[in-house]
Amino acid sequence: MSTTRHELLHAFDLLLAPERFKDYGPNGLQVEGRTTVRKIVSGVTASRALIEAAIHAEADAIFVHHGLFWRGQDGRVTGWMRQRLGLLLGDDVNLFAYHLPLDAHPELGNNAQLGLQLGLVAQAGSGGRFGDQELGFLGGRDNGEAFDSARALAGHAERVLGRPVTLVEGAPRPIRRVAWCTGGAQGYFEAAIAAGADAFITGEISEPQAHYARETGVAFLACGHHATERYGAPAVAGHVAAQLGLAHEFIDIDNPA
């Protein structure tokens, strides 16, 4: 089966509602390719490696979290940008990218899907969200139990994500209320503290967060930007592909971040 580029864009926009978000770049169709779409490849970032893999997989469209265009970037089409665009345009492949809308979707987004992987569920209603544009999730384990300690939570995250976790422990106590926001959301830590979290999970750590954790007793876990954002793109692209009767393949390009 197949659909049109326009129908695919409409399906993504209807699901992710990009108009609700103030974002760092354009959401939706970033590079126009062929009109007819039969196969979607999803991935985290529109890197040259992903584009090459998608072309090899005979994709008509690529769906990613990190697209090509960001507010304030150099607008010249040279170097790596020329290479990526050259591949997309040369093979007539569509590129769809959704940043914050993909983070925020309550069931299929990066935060919801990371919670699913880690066995975490957000509280019902507005109490389960925090931070700017309510991107952060707040809740606990799906079995209702606490983690014995921040180290136990970190060990669990390492096993699930398959990579080391940077942990700043905070106070020695069980971890019941967990806040999380994927990717480069270390700036949400203060909001997570204010929301009453015992621990905060994100992708990256910057210099201030270690001090906040030690001074407030709230544990901070940096689990990797790419590692925490591997789940939303295939969930959304797979959902829309199933709706429209399209083929879908997730390609995870290795990234130590």
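What comes next is a walk through the structure.

Attention shifts here to the side chain of His65. By the element assignment, His65 lies in strand β5 (residues 61-66). Exposure remark for His65: the relative accessible area of 1% places this residue in the buried category. With residues near it in sequence (within four places) discarded, His65 still touches Gly43, Val44, Tyr98, His99, Leu102, Asp103, Asn110 and Glu229.

Bringing the sheet that holds β5 into the picture now. Strands belonging to one sheet form pairs held by backbone hydrogen bonds; the direction of such a pair is parallel or antiparallel. Reading across the sheet, the five strands line up as β2-β6-β5-β4-β14 and stay open at both edges, with mixed pairing between neighbours. At either end of the open sheet lies a strand with only one pairing partner, and these are β2 (28-31) and β14 (247-250). Pairs of neighbouring strands in the sheet enclose a mean axial angle of 30 degrees, with direction left out of account. Strands in contact with helix α1 (residues 5-16) are β2, β4 (39-45), β5 and β6 (94-97); relative to β6, the strand with the most contacts, it is inclined by about 5 degrees.

Tracing the backbone through its elements, the reader meets Ser42 in strand β4. Side-chain polar atoms of Ser42 contact the side chain of His248, separated by 2.8 Å. Ignoring any residue separated from it by four or fewer positions in sequence, one finds Ser42 in contact with Leu50, Phe63, Ala233, Pro234, Ala237, His248, Glu249, Phe250 and Ile251.

The rules behind each value
- Residues numbered from 1 in each chain as written.
- Predicted model: local features only at pLDDT ≥ 70, side-chain atom pairs only at ≥ 80, totals over all residues.
- Heavy atoms only, no water.
- Helix = DSSP H or I, 4+ residues; strand = E, 2+ residues; numbered from the N terminus.
- Buried < 20%, exposed > 50% of the residue type's maximum accessible area, 1.4 Å probe, protein only.
- Contact = heavy atoms within 4.5 Å.
- Pairing = 2+ DSSP bridges.
- Axes fitted to C-alpha atoms, helices over the stretch in contact; angles between N-to-C directions.
- Polar contact = N/O pair within 3.5 Å; in protein donor to acceptor, adjacent residues only side chain to side chain.

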